[in-house]
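Now for the letters of each chain:
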Amino acid sequence: MEQQGAEKQTLYVVATPIGNIGDMSSRALEILRTVDFILCEDTRHSGLLLERFGIKNKLVSYFAHNEALRVDQILPRLCNGESAAVISDAGTPGISDPGARIVDACHAAGIRVSPIPGPSAVASAISAAGFYQCPQFEFVTFFPRKTQDRRELFESTTKLPRVLVGYESPQRIVETLGDLAAVAGPQKRVCLCRELTKKFETVMRSTVGDAIEFLTANPPKGEICLVIEGVDVEQNAKPTDELSPEAQKLAQLLIGAGLGARSIRDIVSQYCGARPKSVYQYVVAQSDTAS
């Protein structure tokens, strides 16, 4: 498909490489070449990126401490028909990096917002972790700095059926894992993704205890994305005979009324809050007993 340049009165949210320059997409390059100007965290850093691809375009600094000011300056230009791209130093803007504020303002003003997808450390780490038992995830950006705050976070999240993912510095990673072990036990599984897409990339999946032992002996360097496995719902589900008396009574009434197992599953799970699979297994077991 032929590449299309930037359209007027549009803000493009453009992902840039998190390490490997080869991850820069041709579509992203075309947009960066053809917008009227580019918002970026660090004009020097982004200038080197654009220079690498022979792109000469106006860079406007846009970082955490000047976001509000820049929005007031930039929005009128977009409303008057100009186009712009917002990029961060690495990855996708608005995900732990500046970008969300200008996007929000554009939506409020009726300015078109168009994402140009690409590298994301969070998505990359989750895909490399392989914790398929937990299809949902919670992204906490950076893990808390204080022990008490970290432990409270782990207390509230590590017993849920979803993956927890966040960034951590190499100086605090062992301490953070220690807090995780104290709350969830040393056998809790994690995946440490360090320097993703870069020369010394490391993807290590292990238990918390083994990770602490390894990192203590081999102090890490570089950026780390930590993925913590959640609770496997299927493995930790209550057996069918632990359905609440209310759920069992309703299931029995529906069995007596001649409803099928799937219909009973849907009704009982909706009205009694029981797990659909447990209800279905209960109904099947009752049918086997009756026959």
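One can find the structure itself at the top, above this paragraph.
Here goes a summary of the coordinates provided. (Residues numbered from 1 in each chain as written. Predicted model: local features only at pLDDT ≥ 70, side-chain atom pairs only at ≥ 80, totals over all residues. Heavy atoms only, no water.)

Considering the overall build of the chain
Argument step 1. Helix and strand counts for the chain come out as eleven helices and ten strands.
Argument step 2. Over its C-alpha trace the chain gives a radius of gyration of 25 Å, far above what one expects of a compact globule, namely 19 Å for 291 residues.
Argument step 3. Each of the 291 residues in the chain was classed as buried or not, and the buried ones make up 41%.
Argument step 4. A separation threshold of at least 6 residues defines the contact pool for the chain, and within that pool the share at least 24 residues apart is 71%.
Argument step 5. Working note: accessible area of the chain is about 15,700 Å², and carbon and sulfur atoms make up 51% of it.
Argument step 6. Looking at the chain, you have 31 positive and 34 negative side-chain charges, and the mean spots of the two groups are 2 Å apart. (Helix = DSSP H or I, 4+ residues; strand = E, 2+ residues; numbered from the N terminus. Rg over C-alpha atoms; globule rule 2.2 N^0.38 Å. Buried < 20%, exposed > 50% of the residue type's maximum accessible area, 1.4 Å probe, protein only. Contact = heavy atoms within 4.5 Å. Areas by Shrake-Rupley, 256 points an atom, 1.4 Å probe, with all protein chains shown as cover. Lys, Arg positive; Asp, Glu negative; His and termini not counted. Charge placed at Lys NZ, Arg CZ, Asp CG, Glu CD.)

Observations regarding the sheet that holds strand β9 (residues 202-207)
Argument step 1. Across the sheet, five strands lie side by side as β6-β7-β10-β8-β9; this open sheet has mixed pairing. Two strands in the sheet have a free side with no partner beyond their single neighbour: β6 (137-142) and β9. Geometrically, the sheet is characterised by an average inter-axis angle of 15° between neighbouring strands, direction not taken into account.
Argument step 2. Direction of pairing for strand β8 (residues 189-194) relative to strand β10 (residues 224-228): antiparallel, over a ladder of five bridges. Along β10, the bridge assignment pairs Leu 192 with Leu 226.
Argument step 3. Against the sheet, helix α6 (residues 147-157) contacts β6, β7 (163-168) and β10, and its axis sits at roughly 160° relative to β7.
Argument step 4. Sitting on the sheet, helix α8 (residues 208-217) touches β8 and β9, and the angle it makes with β9 is about 130°. (Pairing = 2+ DSSP bridges. Axes fitted to C-alpha atoms, helices over the stretch in contact; angles between N-to-C directions.)

Details of the packing of aromatic side chains
Argument step 1. The tally for this structure, following the rule as stated, stands at three aromatic pairs.
Argument step 2. When the ring of Phe 139 is compared with that of Tyr 167, the centres are 5.6 Å apart and the planes differ by 75°; the resulting orientation is edge-to-face. Of this pair, Phe 139 sits in strand β6 while Tyr 167 sits in strand β7, placing them 28 residues apart in sequence.
Argument step 3. In this structure Tyr 167 comes out as buried when scored by relative accessible area, which is 15%.
Argument step 4. Seen in terms of ring centroids, Phe 143 and Phe 154 are 6.0 Å apart; in terms of plane orientation they differ by 50°. Their pairing is tilted. Note that Phe 143 is positioned in the loop between β6 and α6 and Phe 154 in helix α6, a separation of eleven residues in sequence.
Argument step 5. Note on Phe 143: relative accessible area 2%, which makes it buried.
Argument step 6. Every member of this aromatic cluster is reached through a ring pair, and the members are Phe 139, Phe 142 and Tyr 167.
Argument step 7. A cation over a ring is seen here: Arg 77 above Phe 37, with NZ or CZ 3.9 Å from the ring centre. (Phe/Tyr/Trp six-rings, centres within 6.5 Å; stacked < 30°, edge-to-face > 60°. Lys NZ or Arg CZ within 6 Å of the ring centre and 35° of its normal.)

Some details on the packing of α6 against helix α7 (residues 173-184)
Argument step 1. In the contact formed by α6 and α7, the axes pass within 9 Å of each other and the chain directions differ by 45°. Classified by the interaxial angle, the pair formed by α6 and α7 is oblique. In the packing of α6 onto α7, the handedness of the crossing is right-handed. Counted together, Thr 147, Arg 150, Arg 151, Phe 154 and Glu 155 of α6 and Glu 175, Thr 176, Asp 179, Leu 180, Ala 182 and Val 183 of α7 form the full contact between these two elements.
Argument step 2. Taken together, the residues of the contact of α6 with α7 sort by class into four nonpolar, two polar and five charged. (Parallel < 35°, antiparallel > 145°, perpendicular 65-115°, else oblique. Left-handed = near helix turned anticlockwise from the far one by under 90°. Nonpolar A, V, L, I, M, F, W, Y, C, P; charged D, E, K, R; others polar.)

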